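A closer look at the structure
Letter by letter, the chains look like this.
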Amino acid sequence: MATKNIFSKHLPNVEKREDEEQKRKELDIIDTLVGAGYYRAHIQGLSSFDKIVGGMTWCIEACDYDVNVDLLFHENLTIGQKIALTEKIVGVLPRMKCPFLIEPHQIQGLDFINIFPVVQWLVKRSVENRSKKADTLRKLAATQFQNHFTLDSDRELQRMRVKQLANLQAIESKYLPKRLFKLRKAAGGGWVPVHPKDAAGQETAVAIGALEDGMEPELEDEEEEEDASVSTEQELNFDVLFKNIAKEHNISVQLTEADRSTLTKTYDDIKQNLSSEAIEHVSERNRIKAQLALKFALEKKLELTLNECDQLKSTVLEEEQQLKEESNRKEILEEEITNLDNLEITEANQKILDNVKALVLKNERMKKQETQFKENCKKELAELQQKIDKAETSTPDEDMLELQRQLDMELERLKSLRLQLAKKNRSYVAIKRQLDTVPDRTELAQYQRRFLELYNQVSAKHRETKQFYTLYNTLDDTKLYLEKELSLLNSIYDNYANAMQTPHSREQFVQQFETIVEGIRATKAKLKNKCDDERAKRDGLNAQLLCLMEQQRKYATTVKQLTMECQRNEALMQHLKVLKANQASTQQQQ
C-alpha cells in the first residue's frame, strides 16, 4: 500500500511536466507558422493535426515542391487517412535535403518536440525562397520598365549628347587639316615651291635664280641671242617680262631695288649688242615660228575637237541605247501598273495597297521630319555660333551678369518644378491610399479562406447545437413514453384487484388489456417505420455528403491547375511582349 501511494503521488507530476513541454512546443510551432504567414493556424475550431499538416504542406509548396495533399481537411479522419497524408509529407522531405528525420506516426501522434525543428527548418527555407522570388520579380519589373519606359533625365542626357556630337562635328568640319608644300632651293639661289608638274620648269627656275644673283646667263649659240633680242622688241620692260615668267611657272619672287637695277642694266646691254638686221631677221623667224605654232595649235585643237566629236557620238549612241532601255522599262512598268490596277479589285490586294500607301505617307513624313530636323540643327548651330562669338567678345563682368541672370531663371524654374512635384506627390499619395483601400488578389484569397474557415466553424457549432437539440428531443420523447408506461402500469396495478373479483370484470379487464397491447404494438410499428425513414434519409445524406466532398476535392485540384495555367499564360504573354519589343527595336534600327 505504501508503494502504491508513493507511485500515485509522483506519477501525476511526471505526466504534467511532459504535457507542459509538448504544449509549449505546440505554441512555438503555431507562432512560427503564423509569423511565416500561415494564418490558418490561428483558427480555434481546427485540430492540431490540421494546423501542423496544413502548415508543413504550405511551407513545402512555398519552396516549389509539389505535394499531392488536399488542404481542405474534414473532421473525423481515420488513422489510415492521417498516416497516408503524413507519408506524402515525409516522402518529400528527403528530396528537399532536410537535415532532420521524422516518421509519419510522429506527425500523426502529434509529437511536437520532434516536429518543431522540421517546421522551423521548413519555415526558414520557405522564407528564403520567397525572398529570392521577390528579388527575381523586382529585377524583372526593373528590366521591363527599362524596355518600355525612359526617364526624363535619360532623355535630357541623350539630347545633350546629340547636341555635343553635332557641335564637335561642326568644329571638325570648320577646322579641317590643310596640306602644305615644302620650299625647294633653286640651283642658282632662291626658293621654289615643289609642285607635281614642276619638272618642266626647272630650267626656267635655274635661269631666274641666276638673274637674282646678278649673273648673266651664258648663251650657247646665236639662236639663243636672237631669241633674247626678239623678246626685247615686244615693247615690254624687263619687270613685266620677269613677272610674266614668274606667273607662268607659279614662282613668287620679290626683287629689291638693287636687283632690279642690275637686271635692267644687263637687259639693256644685251639689247645694244644686237644689230638691227639681226633683229629684223630674228623677228621674221619669230613670225614664221609664231605662224607654225599657231598652225600646230590649230591642228592640235582640230584633233581635240575630232576626239570630242567621236566621244559625243559614242555618248549619243549610249544615250540612245539607254533611251531604248528606258522606253522598254516604261512599257514593262505600264504593264505592271495595269496589272496592279486589275489586282486592286480583291480585298487582300486592297489591304496590301493601303499598307503600301501608308508606308509611302510615312516615308514622306519622315522626309519632312528630316528636313525640319536639319533646319533645327542649322538654327541651333547658328545660335551656338552666336553664343560662341558672344562669349569670345564678352567681358568677365558681362559673363557674370549673364550667369547671374541664368541662375535666377533656373532658381525660379526649380521653384516652380518643386511646386509641381509637391502637387504630383500629393496626388500620388491620394491615389496610393485609394489603391491601398482596395484589396488585392492575395488579400481576397486570404479573406475567402478566413470566411470559409469561419463558415466551417459556425457549421460545426451549429451541428453540435443541433445534436444537443436532437438528444434533448429524444430524451424528452423517451421520458414521455416512460411516463405513459408508468401510468399504464399503475392503472393496471390499481384495477387488477377489482377486476379479479368477478368473471365478467375479469373478461372485461383482459379485453382492455389486449386493446392496450394492440395500441402499443401499433405505436411501436409506427415509430419503427419513422426510424427506418430517418435512417434511410441519413444514409442518403451521407452518400450526398461524400459526393459533395469528392466534388470539393476535384474543385480544389482544378483551381490549383487553373492557377498554374494562368501563371504560365502570364509568363508566355510577358515573353511575347518582350519578343515584340525586340522585333520593333530591330525594325527601327533597320
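Per an unreviewed UniProt entry, the chain carries the name Coiled-coil domain-containing protein 93 and comes from Anopheles christyi. Looking at the Sequence similarities (unreviewed entry) heading of the UniProt record, one finds this comment for the chain: "Belongs to the CCDC93 family."

Now for the overall build of the chain. Within the chain, the secondary structure is distributed over 15 helices and 2 strands. Burial statistics for the chain: of 590 residues in total, 15% are counted as buried. A separation threshold of at least 6 residues defines the contact pool for the chain, and within that pool the share at least 24 residues apart is 58%. If you sum the accessible surface of the chain, you get close to 48,500 Å²; carbon and sulfur atoms cover 57% of it.

Looking now at the confidence of the model for the chain. Per-residue confidence for the chain averages 76 on the pLDDT scale, and 77% of its residues sit at or above 70. In the model of the chain, helix 7 (residues 202-212) stands out as the element of lowest mean pLDDT, 40, in contrast to helix 15 (residues 503-589), which has the highest, 89. Here residues 1-18 scores under 50 on pLDDT; set against residues more than four positions off or in separate chains, the count is 1 contact. Confidence drops under pLDDT 50 across residues 194-238; counting only partners more than four residues distant or on other chains, this segment forms 59 contacts.

Now for a negative patch on the surface. A contiguous patch of negative charge on the surface is contributed by Glu331, Glu334, Glu335 and Glu336. Its location among the elements puts glutamate 334 in helix 11 (residues 276-343). Note on glutamate 334: relative accessible area 42%, which makes it partly exposed.

Turning our eyes to something else, we now look at the packing of aromatic side chains. One pair of aromatic rings is described through two measures. These are the centre distance and the angle between the planes. With the rule as written, the count across this model stands at 3 aromatic pairs. Plain terms: the ring middles of tyrosine 38 and tryptophan 58 are 5.8 Å apart, the flat faces sit at 40° to each other, and that makes the pair tilted. Of the two residues, tyrosine 38 is situated in the loop between helix 1 (2-36) and helix 2 (48-62) and tryptophan 58 in helix 2; the sequence distance between them amounts to 20 residues. One aromatic cluster in this structure is built from Tyr496, Phe509 and Phe513.

All right, on to the packing of helix 2 against helix 3 (residues 79-92) then. At a minimum axis distance of 11 Å, the contact between helix 2 and helix 3 shows a crossing angle of 30°. Here helix 3 runs roughly parallel to helix 2, going by the angle between their axes. In the crossing of helix 2 with helix 3, the sense of the turn from one axis to the other is left-handed. Residue-level inspection shows Phe49, Val53, Met56, Thr57 and Ile60 of helix 2 in contact with helix 3, the latter providing Lys82, Leu85, Thr86, Ile89 and Val92.

Turning our eyes to something else, we now look at a nonpolar patch on the surface. A cluster of nonpolar side chains, Leu444, Tyr447, Phe451, Leu454 and Val458, forms an exposed patch at the surface whose accessible area comes to about 520 Å². Position of phenylalanine 451 among the secondary structure elements: in helix 14 (residues 441-499).

Our focus in this paragraph is the packing of helix 14 against helix 15. Interhelical geometry of helix 14 versus helix 15 gives an angle of 175° and a closest axis separation of 13 Å. What the angle tells us is that helix 14 and helix 15 run roughly antiparallel. Counted together, Arg441, Tyr481, Leu488, Ile492, Asn495, Tyr496, Asn498 and Ala499 of helix 14 and Ser505, Arg506, Phe509, Phe513, Ile516, Ile520, Thr523, Leu527 and Glu570 of helix 15 form the full contact between these two elements. Here the residues of the contact of helix 14 with helix 15 sort into 10 nonpolar, 4 polar and 3 charged.

Right, let's get into the nonpolar core. Ranked by internal contacts, the top residues of the largest apolar core, which has 31 residues, are Ile29, Leu33, Met56 and Leu122. Among the elements of the structure, helix 1, helix 2, helix 3 and helix 5 (112-148) are those that each provide at least two residues to this core. In terms of residue count, helix 5 provides more of this core than any other element does, 8 residues in total. Filtering out sequence-adjacent residues up to four positions away, leucine 122 remains in contact with Met56, Cys59, Ile60, Cys63, Leu93 and Met96.

Overall, the coordinates contain 10 salt bridges when judged by the stated rule. Close ionic contact of lysine 374 with glutamate 370 constitutes a salt bridge, the shortest N to O distance being 3.7 Å. Pair noted here: lysine 374 and glutamate 370 are both in helix 12 (residues 347-393), with a separation of 4 residues, about one helical turn. Taking the relative accessible area as the measure of exposure, lysine 374 reaches 48% and is therefore partly exposed. We note a salt bridge from glutamate 518 to arginine 521, for which the minimum N-O separation is 3.8 Å. With glutamate 518 and arginine 521 both in helix 15 and 3 residues apart, this pair spans about one turn of that helix.

About the criteria used
- Residues numbered from 1 in each chain as written.
- Predicted model: local features only at pLDDT ≥ 70, side-chain atom pairs only at ≥ 80, totals over all residues.
- Heavy atoms only, no water.
- UniProt positions renumbered as here; feature names shortened; annotations may be inferred.
- Helix = DSSP H or I, 4+ residues; strand = E, 2+ residues; numbered from the N terminus.
- Buried < 20%, exposed > 50% of the residue type's maximum accessible area, 1.4 Å probe, protein only.
- Contact = heavy atoms within 4.5 Å.
- Areas by Shrake-Rupley, 256 points an atom, 1.4 Å probe, with all protein chains shown as cover.
- pLDDT = per-residue confidence, 0-100.
- Patch = residues over 30% accessible without salt bridge, like charges linked within 9 Å, V, L, I, M, F, W, Y side chains within 5 Å.
- Salt bridge = Lys/Arg side-chain N within 4 Å of Asp/Glu carboxyl O.
- Lys, Arg positive; Asp, Glu negative; His and termini not counted.
- Charge placed at Lys NZ, Arg CZ, Asp CG, Glu CD.
- Phe/Tyr/Trp six-rings, centres within 6.5 Å; stacked < 30°, edge-to-face > 60°.
- Axes fitted to C-alpha atoms, helices over the stretch in contact; angles between N-to-C directions.
- Parallel < 35°, antiparallel > 145°, perpendicular 65-115°, else oblique.
- Left-handed = near helix turned anticlockwise from the far one by under 90°.
- Nonpolar A, V, L, I, M, F, W, Y, C, P; charged D, E, K, R; others polar.
- Core = buried A, V, L, I, M, F, W, Y, C linked by side-chain atoms within 4.5 Å.

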